Amino acid sequence: MQHFCYPTFVLALLMPFLFSAQTYSAPKKEKVKTISKPILTPDPYMEMRLDNALNNSPLPHSGTRTPVNTLLEGIDVSHYQGRIDWAAVAASGKVGYAYIKASESVSFIDENYQYNLAEARKNGINVGSYHFYRAHVDQEAQLRHMFSIINPDQQDLIPVVDVEHANGVSVETFANRLHRFLKAVEEHYGRPPILYTYVNFYNRYLAHRGFEHYPLFIAFYQDYKPTLSDGNKYILWQYTSKGRINGIKGDVDRSKFMHGHTVHHILYP
């Protein structure tokens, strides 16, 4: 191949440019420090809302039970109500369902549980059972205790997990433990359990933390309907702790279905 030679004066003119081209380098960009954030596992039920959540549940109620007591108001009871005359309760015409305390923590069993369960059912009242949850005790032991007391064959309604205290556990730890607990309860009973709590506790510990999958039972003792800080709906509203019903001595918690829900939405199984 032939090589072309530039005249000397041309090279002299080009040298400064050739030299600068060889020595030039782009200014170095300063490294931007990045703060790594923990990867959060997305909650698959975050977008669900309880105005239609029961129909969208991964384990919806598929059976029918007729006839069934369809009164929209009910009660929840424990040993604090003493010996209840369930025939008189049924005759009052004010109670369609009753949630009955069964267990608490890892060992407590309500002394009136079996009596209340049998007598309420015998008198045509839909019954469900609730476990009083404790976040600071052995979670596996607590699950075993709940499962040993609340027999699926004795339930007309989906079980309830009663959540009212954090027991000194941080908000994040509390939410994580409760998620695992509720998931285990759902796997055992085949339905998402109902989550009972009161408004202020929900807003502090549960709002915006992925609990939309679970039907809500909210306690709020005012003359107007409660509103949750994240806008979630609830299926049951416990509107007083000082209710009066024939057959029960003293006060009793009273509640009612909300947002178009009825007992047919929470029949078990």
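## Quick word on empty space enclosed by the protein
One way to see where empty space is left: roll a probe the size of a water molecule over the atoms. Counted under the stated rule, the structure contains one cavity of 30 Å³ or more. In this model, the largest cavity occupies a volume close to 50 Å³. Asp76, Tyr99, Tyr130, Val160, Asp162, Tyr196, Phe217 and Gln238 are the residues that line the largest cavity. Of the residues that constitute the lining of the largest cavity, the class distribution is five nonpolar, one polar and two charged.

## Quick look at the pairing of strand β6 (residues 194-198)
Each regular strand shows side chains that alternate between the opposite faces of the sheet. In terms of burial, β6 is largely enclosed, as four of its five residues are buried. As defined by bridge partners, strand β5 (residues 160-162) adjoins β6 across three bridges and the pair is classed as parallel. Residue pairing in the sheet places Val161 in a bridge with Leu195 of β6. As a crossover connection, the stretch from β5 through helix α6 (residues 171-189) into β6 is right-handed.

## Things to note about the environment of Arg177
Relative to the helices and strands, Arg177 resides in helix α6. Sequence spacing of Arg177 and His136 is 41 residues, and the spatial spacing of their C-alpha atoms is 9.3 Å. Once residues lying within four places of it in the same chain are set aside, the contact partners of Arg177 are Tyr133, Ala135, His136, Gln139 and Val169.

## Some details on the pattern of salt bridges
For the structure shown, the criterion picks out seven salt bridges. For Lys122, the salt bridge is made with Glu119, and the minimal N-O distance between the two is 3.1 Å. You can see Lys122 and its partner Glu119 sitting in helix α4 (residues 113-122), three residues apart, about one turn around the helix. Lys122 gets classed as exposed once you look at its relative accessible area, which sits at 60%. Among the ionic pairs, Asp251 bridges to Arg244, the shortest N-O distance being 3.3 Å. The network of salt bridges with shared partners includes Lys101, Glu104 and Arg134.

Rules used throughout
Residues numbered from 1 in each chain as written. Predicted model: local features only at pLDDT ≥ 70, side-chain atom pairs only at ≥ 80, totals over all residues. Heavy atoms only, no water. 1 Å grid on protein atoms, 1.4 Å probe; cavity = no way out; pocket = protein on both sides within 12 Å on 5 of 7 lines; lining within 4 Å. Points joined across faces, edges and corners; volume = space filled by probe spheres on them. Nonpolar A, V, L, I, M, F, W, Y, C, P; charged D, E, K, R; others polar. Buried < 20%, exposed > 50% of the residue type's maximum accessible area, 1.4 Å probe, protein only. Helix = DSSP H or I, 4+ residues; strand = E, 2+ residues; numbered from the N terminus. Pairing = 2+ DSSP bridges. Right-handed = clockwise from strand over helix to strand, strands pointing away. Contact = heavy atoms within 4.5 Å. Salt bridge = Lys/Arg side-chain N within 4 Å of Asp/Glu carboxyl O.

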